[in-house]
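# Reading the structure
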Amino acid sequence: MNLVWYRNDLRVHAHRPLAQALAQGEPVLALYCLCPAQWDEHGVAPLRRWYVLESLRELGASLASLGVDLHVLEVGDFAAVPDALASFVQAHGVHRIYCSREYPLNELERDRAVAAHMEALGVSLHGSDDSVLVPPRTLNTGKGTPYTVFSAYKRRWDAWLDDHFSAPAALPAPAKKSGHFVGKPLVERALKALSVAPSLTAKWQSGEKAALKQLDHFVQTRLADYRRYRDFPALDATSSLSVALSAGTLSPASCYRAAREAMADAGQRDGAACWIGELAWRDFYRQIMARFPRISQGRAFRPETEWLQWDDDDERFAAWCEGRTGYPLVDAAMRQLVATGWMHNRLRMVTAMFLSKHLWLDWRRGEAFFMQHLIDGDFAANNGGWQWSASTGTDAVPYFRVFNPVRQSQRFDPQGRFIAHWVPALRELDDKSIHEPWKQPLLAPDYPPPVVEHQGVRERVTREFKAAKALHDQQENTQA
Ligand SMILES: Cc1cc2nc3c(=O)[nH]c(=O)nc-3n(C[C@H](O)[C@H](O)[C@H](O)COP(=O)(O)OP(=O)(O)OC[C@H]3O[C@@H](n4cnc5c(N)ncnc54)[C@H](O)[C@@H]3O)c2cc1C
């Protein structure tokens, strides 16, 4: 018996482990380990849990139509997975397991423990790098080290894919005609136990069918203009496929193939090339996570920035979380996050930099808050984005570069449409004053004044980063 062990790869299309298992010509089982205690430990948003459970529902039905029974085990946390899996394979006579590799540290440790258990039982474990386009250990600099600068990585990434990319193979014919969604009652129970407001879930469609449709719609209607409009949050100009990609209801290979095919059309070429660049960022942060395990341990990528002395101000943090910093674009973005479970990329950068530089609060607090709310919460991309914005990460923005939240607002929401949608108290203001409402306090009496002044932020940040570097160097010299 062959087993497909599902994790963040909740689909049947373009799924190498499933194709490999079916190709053996023997019966295939599928398994998903539900780990609510691990979700709690990782601070996973309730909305994301809902998306995963709903997508599992669809997966169970799709697998059944391929003659594959999907079992679901509730196992608590990752530490309990190896024993649970060992009992399962023994009970079902499994001798081969296929799965898609995962790279965060906890997941790697879980998989190492599982591999040891399976070896003892004589069960072989076959992993494939299905969640990325380029496997994370493939590309190295001339010195044999991992790439830590995106532009250099991207050049090699493009070249590697030109030589190696092949479209996912079609699934072989199953050995059995129909299967059974064995884990359905458990998934239904878990969904019932979740408390997520219907207003949140109503905006989202789970499962791989919806994801494939969404990809197709994006390519047909928005890809051509992606480069031109992607930075404007009031426009629906990006794919919103991050949730599907992070839960694996969609494969990056399907996205890459669709964008490459679109490039054959001159009108789509530029937009498609730009969008492929975003898929490269996704792979880049995954290879950073796989090759620098310290970032999975709450540590900064740049060791000297571990010495930064952050403020500990709960009032300011609450103002940021609740969208009442007095900076309209920041507040609109934070309200979008809490109300929808998603935030536009430009705004993730703006709000992350605002928290870490204007409010001088530890980026890890913001990283955790994002995870607690994002439907697409993905450790590698979230950590990469936060460390980029806070200037503690690989290829991060230089520390002395501080986005001016008013300038960002004027540039990327020129008519204030996005702001007016999320911050009703500012709807009466015109295009100009909506970015700086403190200049018209009588027109927006219910909107708070700025929690900090922009002026002086750059000087403080520079001072703090220099002080951290000095402390770090002092420590290094003491140890030498
Ligand atoms: C502070 C911060 C936190 C972030 N947290 C997450 C997160 O938890 N999960 C997540 O998927 N993305 C995260 N991102 C990256 C990016 O903001 C989202 O992927 C993007 O906004 C999703 O919208 P989209 O699907 O319409 O993207 P598109 O513009 O359509 O891009 C296509 C795909 O490329 C990938 N992608 C795009 N930008 C990035 C990027 N900068 N880094 C890595 N992958 C990227 C995503 O998978 C995305 O779906 C974060 C960025 C920042 C600055």
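Owing to the predicted nature of the structure, the values given are computational and were not obtained by experimental measurement.

Thresholds applied
- Residues take numbers from 1 onward in each chain, read along the sequence in its written order.
- The predicted nature of this model means local features are confined to residues of pLDDT at least 70 and side-chain atom pairs, given and counted, to a pLDDT of 80 or more, with totals for whole chains, interfaces and linings taken over all residues.
- The side-chain figures draw on all heavy atoms in the structure; neither hydrogens nor water molecules are used.
- Note on pairing: two strands pair once DSSP finds at least 2 bridges between them.
- A run of DSSP states H or I qualifies as a helix once it reaches four residues; a run of E qualifies as a strand once it reaches two. Both are numbered from the N-terminal end.
- Orient the strands so they point away from the viewer, and a crossover whose first-strand-to-second-strand path over the helix runs clockwise is right-handed.
- Helix axes are fitted to C-alpha atoms over the stretch in contact, other axes to C-alpha atoms as well, and angles between N-to-C directions run from 0 to 180 degrees.
- Contact definition: two residues touch when any of their heavy atoms are within 4.5 Å.
- Put simply, a residue is near a molecule or strand once any heavy atom of it comes within 4 Å of that molecule or strand.
- Whenever a nitrogen or oxygen atom comes within 3.5 Å of another N or O atom, the pair is scored as a polar contact, on the condition that within protein one atom can donate a hydrogen and the other can accept it, and that pairs from neighbouring residues in sequence are kept only if both atoms are in side chains.
- Residue burial considers only the protein chains on display, and all accessible areas are found by Shrake-Rupley using a 1.4 Å probe.
- Among buried residues, those of type Ala, Val, Leu, Ile, Met, Phe, Trp, Tyr and Cys that are joined through side-chain atoms within 4.5 Å constitute a nonpolar core.
- Burial status follows relative accessibility: with a 1.4 Å probe on protein chains alone, a residue under 20% of its type maximum counts as buried, one over 50% as exposed, and anything between as partly exposed.
- By convention here, the domain bounds are inherited from an automatic or database domain assignment.
- Put simply, buried area is how much 1.4 Å-probe accessible surface two parts lose in total, over both of them, once they are put together.
- Salt bridges are counted wherever a side-chain nitrogen of Lys or Arg sits within 4 Å of a carboxyl oxygen of Asp or Glu.
- Buriedness of a pocket was judged along seven lines, with at least five required to meet protein on both sides within 12 Å; pockets are open sets of points on a 1 Å grid over the protein atoms alone, cavities are sets where a 1.4 Å probe fits but cannot get out, and lining residues have an atom within 4 Å of a point.
- Grid points are joined across faces, edges and corners, and a volume is the space filled by probe spheres set on the points.
- Residues are grouped as follows: Ala, Val, Leu, Ile, Met, Phe, Trp, Tyr, Cys and Pro are nonpolar; Asp, Glu, Lys and Arg are charged; all remaining types, including Gly, are polar.

## What to know about the pairing of strand S5 (residues 124-128)
The pairing of strand S4 (residues 96-100) with S5 spans five bridges and is classified as parallel. Within S5, the residue paired with Ser100 across the bridge is Ser128. After leaving S4, the chain enters helix H5 (residues 105-121) and then returns to the sheet as S5, a path that is right-handed.

## Details of the sheet that holds strand S1 (residues 2-6)
Here five strands make up an open sheet; going across it, the order is S3-S2-S1-S4-S5 and the pairing parallel. Strands with a single pairing partner mark the edges of an open sheet, and in this sheet they are strand S3 (69-74) and S5. With strand direction ignored, the average angle separating the axes of adjacent strands in the sheet is 25°. Sheet strands touched by helix H7 (residues 184-193): strand S2 (28-34) and S3. Its angle to S3, the strand with the most contacts, is close to 50°.

## Some thoughts on the site of the ligand
Close contacts around the ligand come from 27 residues, with Tyr226, Thr238, Ser239, Ser240 and Asn345 the closest. The separation between an oxygen atom of the ligand and a polar side-chain atom of Thr238 is 2.6 Å. Between a nitrogen atom of the ligand and a main-chain N or O atom of Asp376, the distance comes to 2.9 Å. If the ligand stood free it would expose 820 Å²; the protein chains cover 96% of that surface.

## Topic: the nonpolar core
Within the largest apolar cluster, 129 residues are counted, with the highest numbers of intra-cluster contacts made by Tyr6, Tyr32, Leu63, Trp157, Trp275 and Trp320. In terms of residue count, the dominant contributor to this core is helix H13 (residues 266-291) (11 residues). Beyond its immediate stretch of four places on either side in the chain, Leu63 contacts Tyr6, Val12, Leu18, Ala30, Val68 and Leu70.

## So, the domain arrangement of the protein
Much of the literature gives interface size as the accessible area that the parts lose upon coming together. Once the domains are mapped, the protein shows domain 1 (1-131), domain 2 (132-169 + 206-291) and domain 3 (303-479). Here domain 1 and domain 3 have C-alpha centroids that lie 37 Å from each other. With eight residues of domain 1 at the contact, the number on the domain 3 side is nine residues. Surface buried jointly by domain 1 and domain 3 totals about 610 Å² across both partners, of which 63% is contributed by carbon and sulfur atoms. Contact with domain 3 buries area across many residues of domain 1, yet Ala45, Leu47 and Arg48 alone supply 59% of it, more than any other trio. Linking domain 1 to domain 3 there are zero salt bridges.

## Digging into empty space enclosed by the protein
Using the criterion set out here, one finds one cavity of 30 Å³ or more in the structure. Reported here for the largest cavity is a volume of approximately 60 Å³. Along the walls of the largest cavity sit Tyr285, Ile288, Ile295, Phe301, Ala380, Asn383, Gly384, Gln387, Trp388, Gly393 and Thr394, which together make up its complete lining. Listed by contribution, the elements that provide at least two residues to the lining of the largest cavity are H13 and helix H18 (379-389). By residue class, the composition of the lining of the largest cavity is six nonpolar, five polar and no charged.

## Description of the layout of surface pockets
Regions of empty space are outlined by a rolling probe, equal in size to a water molecule, passed over the atoms. Put simply, the largest pocket is a space of about 1400 Å³. Along the wall of the largest pocket there are 49 residues; nearest its centre are Tyr226, Glu278, Trp281, Tyr285 and Asn345. Elements represented by at least two residues in the lining of the largest pocket include exactly helix H10 (226-229), helix H11 (242-247), H13, helix H16 (345-358), H18 and helix H19 (405-412). Here the lining of the largest pocket is composed, by residue class, of 21 nonpolar, 14 polar and 14 charged. Looking at the lining of the largest pocket, you find at least three residues from each of domain 2 (132-169 + 206-291) and domain 3 (303-479).

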